[in-house]
Amino acid sequence: MNCKSEDLPQCHNNETFGGKVSIVVRITVRPLRVMDIFSPLNLISMKNINTLIAICAAVFLFSSCEETPDAPTASVPSNLKGVFICNEGAFGLGNGTISFLNSSSNTFNEDLYFTTNNLPLGDVVQSIALYDNRAFIAVNNSQKMEVVSLDNFKRITTIQGLSSPRYFVGNGSKGYISDWISDKVYVLNLNNYQIIDTITTGSGPEEMAIVNNKLFICNSGGFSDDSSLTVVDINSNTVITTIQTPVNPSSIKQDANGKLWVLCRGSLGSDFTPTPDDAAGALIQINPRSEEHTSELPVTL
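Residues numbered from 1 in each chain as written. Predicted model: local features only at pLDDT ≥ 70, side-chain atom pairs only at ≥ 80, totals over all residues. Heavy atoms only, no water.

(A) View of the overall build of the protein. Secondary structure summary: the protein contains three helices and 21 strands in total. Within the span of the protein, comprising 301 residues, buried residues form 41% of the whole. Relative to all contacts within the protein whose residues are 6 or more apart in sequence, the contacts with residues 24 or more apart total 40%. Summing over all exposed atoms, the protein offers an accessible surface of approximately 16400 Å²; the carbon and sulfur share of this is 54%. (Helix = DSSP H or I, 4+ residues; strand = E, 2+ residues; numbered from the N terminus. Buried < 20%, exposed > 50% of the residue type's maximum accessible area, 1.4 Å probe, protein only. Contact = heavy atoms within 4.5 Å. Areas by Shrake-Rupley, 256 points an atom, 1.4 Å probe, with all protein chains shown as cover.)

(B) Region of interest: the nonpolar core. Phe 84, Ile 98, Ile 128, Ile 137 and Phe 153 are the most contacted members of the largest nonpolar core, which totals 17 residues. When residues of this core are traced back to their parent elements, those giving at least two are strand 3 (82–87), strand 4 (97–102), helix 3 (112–117), strand 6 (125–131) and strand 7 (134–139). If sequence neighbours within four positions are ignored, Ile 137 has contacts with Ile 98, Leu 121, Val 125, Ser 127, Ile 128, Lys 144, Met 145, Glu 146, Val 148 and Phe 153. Val 231, Ile 252, Leu 260 and Ile 286 belong to the second largest nonpolar core, which has 14 residues in total. (Core = buried A, V, L, I, M, F, W, Y, C linked by side-chain atoms within 4.5 Å.)

(C) View of the packing of aromatic side chains. Within this structure, the stated rule accounts for five aromatic pairs. Judged by centre distance (5.6 Å) and plane angle (15°), the rings of Phe 84 and Phe 153 are stacked. Of this pair, Phe 84 sits in strand 3 while Phe 153 sits in the loop between strand 8 (144–149) and strand 9 (155–159); the two residues are 69 residues apart in sequence, bridging distant segments of the chain. Counting every residue linked through ring pairs, the aromatic cluster contains Phe 84, Phe 100 and Phe 153. (Phe/Tyr/Trp six-rings, centres within 6.5 Å; stacked < 30°, edge-to-face > 60°.)

(D) Quick peek at the sheet that holds strand 19 (residues 260–264). Across the sheet, which stays open at both edges, the four strands sit in the order 18-19-20-21 with antiparallel pairing between neighbours. Each having just a single partner strand, strand 18 (249–254) and strand 21 (292–299) make up the two edges of the open sheet. Going across the sheet, the axis of each strand differs from the next one's by a mean of 20°, ignoring polarity. In terms of strand pairing, strand 20 (residues 281–287) meets strand 21 through seven bridges, oriented antiparallel. Looking at the pairing, Leu 283 lines up with Leu 297 of strand 21. (Pairing = 2+ DSSP bridges. Axes fitted to C-alpha atoms, helices over the stretch in contact; angles between N-to-C directions.)

(E) Just the sheet that holds strand 10 (residues 165–171), in detail. Taken in spatial order, the four strands make up an open sheet running 10-11-12-13, and their pairing is antiparallel. Either end of the sheet is taken by a strand with one partner, and the two such strands are strand 10 and strand 13 (194–200). Across the sheet, the axes of successive neighbouring strands diverge by a mean angle of 25°, strand direction being ignored. Where strand 11 (residues 174–179) meets strand 12 (residues 184–189), six bridges bridge the pair, whose relative direction is antiparallel. Within strand 12, the position partnered with Asp 179 by the bridge is Lys 184.

(F) Representation of the environment of Asp 111. With respect to the helices and strands, Asp 111 occurs in the loop between strand 5 (107–109) and helix 3. Of the residues examined, Asp 111 reaches a relative accessible area of 21% and is grouped as partly exposed. A sequence separation of 15 residues divides Asp 111 from Gly 96, and the C-alpha atoms of the two residues are 8.9 Å apart. Among residues more than four places away in sequence, those in contact with Asp 111 are Thr 97 and Ile 98.

(G) Region of the structure containing the confidence of the model for the protein. The pLDDT averaged across the protein works out to 81; a share of 75% of its residues lies at or above 70. Below a pLDDT of 50 lies the segment residues 1–20, which in the model reaches 40 contacts outside its immediate sequence neighbourhood of four places, other chains included. Confidence over residues 68–73 falls short of pLDDT 50; this stretch has zero contacts with residues more than four positions distant or in other chains. (pLDDT = per-residue confidence, 0-100.)

(H) Up close: unusual backbone geometry. Not every positive phi belongs to a glycine, and Asn 118 is a case in point at roughly 55°. Within the element layout of this structure, Asn 118 appears in the loop between helix 3 and strand 6. Non-glycine residue Val 124 carries a positive phi angle of around 70°. On the secondary structure map, Val 124 appears in the loop between helix 3 and strand 6.

(I) Local environment of the side chain of Asn 117. Of note, Asn 117 is situated in helix 3. A relative accessible area of 16% means that Asn 117 is categorised as buried. Engagement of the side chain of Asn 117 in a polar contact is seen with the side chain of Thr 116, the distance being 3.0 Å. Beyond its immediate sequence surroundings of up to four residues, Asn 117 is in contact with Phe 153, Lys 154 and Arg 155. (Polar contact = N/O pair within 3.5 Å; in protein donor to acceptor, adjacent residues only side chain to side chain.)

(J) Seen up close, the pattern of salt bridges. Inspection of every chain in the model, using the stated rule, returns six salt bridges. For the salt bridge of Arg 134 with Asp 132, the shortest nitrogen-to-oxygen distance reads 2.7 Å. Taking the relative accessible area as the measure of exposure, Asp 132 reaches 47% and is therefore partly exposed. Lys 144 is paired through a salt bridge with Glu 146; the nearest N and O atoms lie 2.8 Å apart. One connected set of salt bridges, linked through shared partners, spans Lys 144, Glu 146 and Arg 155. (Salt bridge = Lys/Arg side-chain N within 4 Å of Asp/Glu carboxyl O.)

Given below as structure tokens:
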């Protein structure tokens, strides 16, 4: 079944807390390698190397004569109305951060968590979710989730006992944390921040959505492939059904009409190399009441 233009999702990536509107953005930053800088030399013939060296030397001498002002010291924002940016950092270096652009003062804080807590956030910042005047920050390779107040971004607590936390969603006094390596979703008591239950999922549980007292979990395949959504009754934390999808569903959002849209990223196969027989990605629509896969848009490169 083909999707019509009016069927496309009308989602808003913002949350409102007592008049404070915040937007979440996630950025993955790969460290610059030496080969990235000097790879253009591969395209230059030997007779032009001396010219290139002379130009570089001139640029260096010119730039070294200029004074570079010190970067302004980051300050604690007066309010948290603005845009939160997840900077994943380099794997294994523990340099993940949350940056913040204040829409009231038009100021930017490069590392908000360190500014307000005087502590580094951790290794591989996967996501940030805003719920009930709190931010839940999944720090993937540090195997933890940091919980901070949205009044001042001060740390409330750290949730341990996780293997590879990915995303968080909340409902009432319970929270749900998808964990990639363990193929589970952890159920969290939001009053005391204790893990009270676990839900077994497909491979590599990723983003989640709660609709009509059901938790829809994208099984993104982890280090292999999966083609399913796990549907859970949040009253009993038991699996209701499994919805078949195209390969590796990873993102899910509810639109203005109550329908769910799931982005399936496809697969490069076991060789992790683009080939003509790779499984294509797709954007699909799910009816959350009937739990049916109702329409699909192929996504190809």
